[in-house]
Amino acid sequence: MTYYPVIGLEIHVQLNTKTKLFCHCLNEYAPNDPNKNICPFCTGQPGALPVLNKEAVLKAITFGKAVGATIPKQTRWDRKNYFYPDLPTGYQISQYDNPIVEGGQIDFYIEDKKSGEFTPGSVELTRAHLESDAAKLLHSNGKTYVDFNRSGAPLVEIVTEPVIHSSVEAMAFVNELQLLVRRLGISDADMDKGQMRFDCNVSLQNEEQHTAGTLPDYRTETKNINSVRSLGRAIEYEISRQSKLLDEGTRPTQETRGWKDDLNRSESQRSKEDAMDYRYFPEPDLQILEIDESNMPTDLPKLPSVEREEYLSLGLNLQAANTLVNQPALGKLFASTQAINPKLTKTVANLITSNIIGVATKKEVAPETILNAQEIIEVASLFAEEKISNQGVAKIVEIKVDSSDTVEQIVVKNNLLQVTDDGALAGFVDDAINNNPSVVEEYKSGKVQVIGFLVGQCMKASKGQGNPKRFSELLREKLA
Ligand SMILES: [Zn+2]
């Protein structure tokens, strides 16, 4: 049977505020220094009172503004009651029915890894609310320890509508979300440090429900997912598990499941029958928060989606645009080259996102340090004027990593200027024809694409100095 996955996500993003959400303790990642940043409030001592952190409120509103959400005039705090050893108060301060961010939308692109094609995607958000994190339990040698450093850290929980239909789409969405919160400067969103964590709700529509646009009468929630890769695997696992059940005629149980990353599967934690009743009620120790224009952050940085569209409108392909968006230092470098010469856009983009990144990765250096904007324009101009070849470009970048020579010096010392003089090129062309009689036969019998091979032979023999376009023309003339 064909099924149609319906997926909604809940994403916890830890805000990078200086202090915690309701106390003055530092909001610091200090795994080697447990219980360093604690006070009576965040360790749940009776009588300790919360004091709201304005920075956290502003950062949550910044997020809301960036995704085009509604920011209500008032927002309220609620106690979410449950027992767990990492929660000494027995409740978490959260927001129930009056969140600080309502609605919103995030646009992104989904890459088909096989075809390399991109399709636009968009996910509507239901809401985003502020809440304080629990402490962290550490299990070792049969004992359990509690580290309160994380207790009370500010989280913004972002909830999407059930509008995602594949693991690939979910992964593309959370990648864009990570990019966005980093660009906004509101979170470091480092998943290895637990600063971005995922829960996914999954159900499968049958053909009839899909056509009618109705949701299945069950869904499962998988919790405890700590990386984008695991999110993809958890969704795939759930789709395949539910498909099998539905094929057997069994309706999957409405339940909460826990993702076991090391086992690559999820396990049932609790069914609907014993679902948590959190007994939300308004937090008596905090006032309703009035939000007016004076509380609003004013200038937002340029959003990744906007920047990406600008690159696309300059004629860059999506891969290059994404690279520049994902690496702001390179985006800045690209902008500097445009200020010098805006006519070499595509050549410059290719030089930065392909040659420079390739060499930087190989040599383990920061890509923006290899060539400055002026040098990039010099190289791009030489290439555009057909004075150097593709190989010449690659060679300059490779040499420049460890050399203080100017671009011009590198070109001269390494004989990188292309030979365009027909007299000099003819020798290579003749050799290529004489040394490859069978290929020449193929060409003459109509298999004209083999010309590429002969051009390659000429390029090789000329050590990349010949002009490939001219080689091709000369070969065609001689073989005509
Ligand atoms: Zn504290």
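Residues numbered from 1 in each chain as written. Predicted model: local features only at pLDDT ≥ 70, side-chain atom pairs only at ≥ 80, totals over all residues. Heavy atoms only, no water.

Draft legend 1. Up close: empty space enclosed by the protein. Taken as a whole and judged by the stated rule, the model has 1 cavity of 30 Å³ or more. Approximately 180 Å³ is the volume attributed to the largest cavity. Along the wall of the largest cavity there are 18 residues; nearest its centre are Phe 41, Thr 89, Tyr 91, Ser 132 and Ser 151. Looking at the lining of the largest cavity element by element, the count peaks at 3 residues for strand β4 (residues 91–94). Residues belonging to the lining of the largest cavity are distributed by class as follows: 9 nonpolar, 7 polar and 2 charged. (1 Å grid on protein atoms, 1.4 Å probe; cavity = no way out; pocket = protein on both sides within 12 Å on 5 of 7 lines; lining within 4 Å. Points joined across faces, edges and corners; volume = space filled by probe spheres on them. Helix = DSSP H or I, 4+ residues; strand = E, 2+ residues; numbered from the N terminus. Nonpolar A, V, L, I, M, F, W, Y, C, P; charged D, E, K, R; others polar.)

Draft legend 2. Main features of the domain arrangement of the chain. Domain annotation for the chain reports domain 1 (4–295), domain 2 (304–413) and domain 3 (422–479). Computed from C-alpha coordinates alone, the two centres of domain 1 and domain 2 are separated by 39 Å. Each partner contributes to the interface: domain 1 provides 8 residues, whereas domain 2 provides 12 residues. With both chains or domains summed, domain 1 and domain 2 bury close to 880 Å², and 55% of this area falls on carbon and sulfur atoms. If you look at where domain 1 meets domain 2, you find 2 salt bridges. At the level of secondary structure, the elements contributing two or more residues to the side of domain 1 that touches domain 2 comprise β6 (105–111) and α2 (167–184). Here the element with the most residues in the side of domain 1 that touches domain 2 is α2; it accounts for 4 residues. Tallied by class, the residues present in the side of domain 1 that touches domain 2 amount to 4 nonpolar, no polar and 4 charged. (Domains from an automatic or database assignment. Contact = heavy atoms within 4.5 Å. Buried area = accessible area lost by both parts, 1.4 Å probe. Salt bridge = Lys/Arg side-chain N within 4 Å of Asp/Glu carboxyl O.)

Draft legend 3. Just the sheet that holds strand β3 (residues 78–81), in detail. With antiparallel pairing, 3 strands are arranged side by side in an open sheet as β4-β3-β15. In this open sheet, the two strands that pair with only one neighbour each are β4 and β15 (281–282). Two elements, β3 and β15, share 2 bridges in a ladder whose sense is antiparallel. The residue bridging Arg 79 from the neighbouring strand is Phe 281, located in β15. (Pairing = 2+ DSSP bridges.)

Draft legend 4. Structural view of the nonpolar core. If you look at the biggest cluster of nonpolar residues, it comprises 65 residues, and the most contacted ones within it are Leu 9, Ile 11, Phe 63 and Phe 173. The element best represented in this core is α2, accounting for 8 residues. Here Phe 173 is in contact with Leu 9, Ile 11, Ile 106, Phe 108, Val 123, Leu 125, Thr 160 and Ile 164, once residues within four sequence places are set aside. Core analysis: the next-biggest nonpolar cluster, separate from the first, contains 35 residues, Ile 370, Leu 382, Ile 396 and Leu 416 among them. (Core = buried A, V, L, I, M, F, W, Y, C linked by side-chain atoms within 4.5 Å. Buried < 20%, exposed > 50% of the residue type's maximum accessible area, 1.4 Å probe, protein only.)

Draft legend 5. Expanded view of the packing of aromatic side chains. Across all of its chains, the model carries 9 aromatic pairs by this definition. With 5.6 Å between their ring centres and 90° between their planes, Phe 22 and Trp 77 make a pair best called edge-to-face. Taken together, the positions of Phe 22 in the loop between β1 (4–14) and α1 (54–66) and Trp 77 in the loop between β2 (74–75) and β3 put the pair 55 residues apart, joining distant regions of the chain. Ring centres 6.1 Å apart and planes at 65° place the aromatic pair Tyr 237 and Trp 259 in the edge-to-face group. On the criterion of sequence distance, the pair formed by Tyr 237 in helix α4 (residues 228–247) and Trp 259 in strand β13 (residues 255–260) is long-range, its members being 22 residues apart. Chaining the aromatic ring pairs together yields one cluster made of Tyr 82, Tyr 96, Tyr 278 and Tyr 280. The ring of Tyr 91 has Arg 79 lying over it, and the distance from NZ or CZ to the ring centre is 3.9 Å. (Phe/Tyr/Trp six-rings, centres within 6.5 Å; stacked < 30°, edge-to-face > 60°. Lys NZ or Arg CZ within 6 Å of the ring centre and 35° of its normal.)

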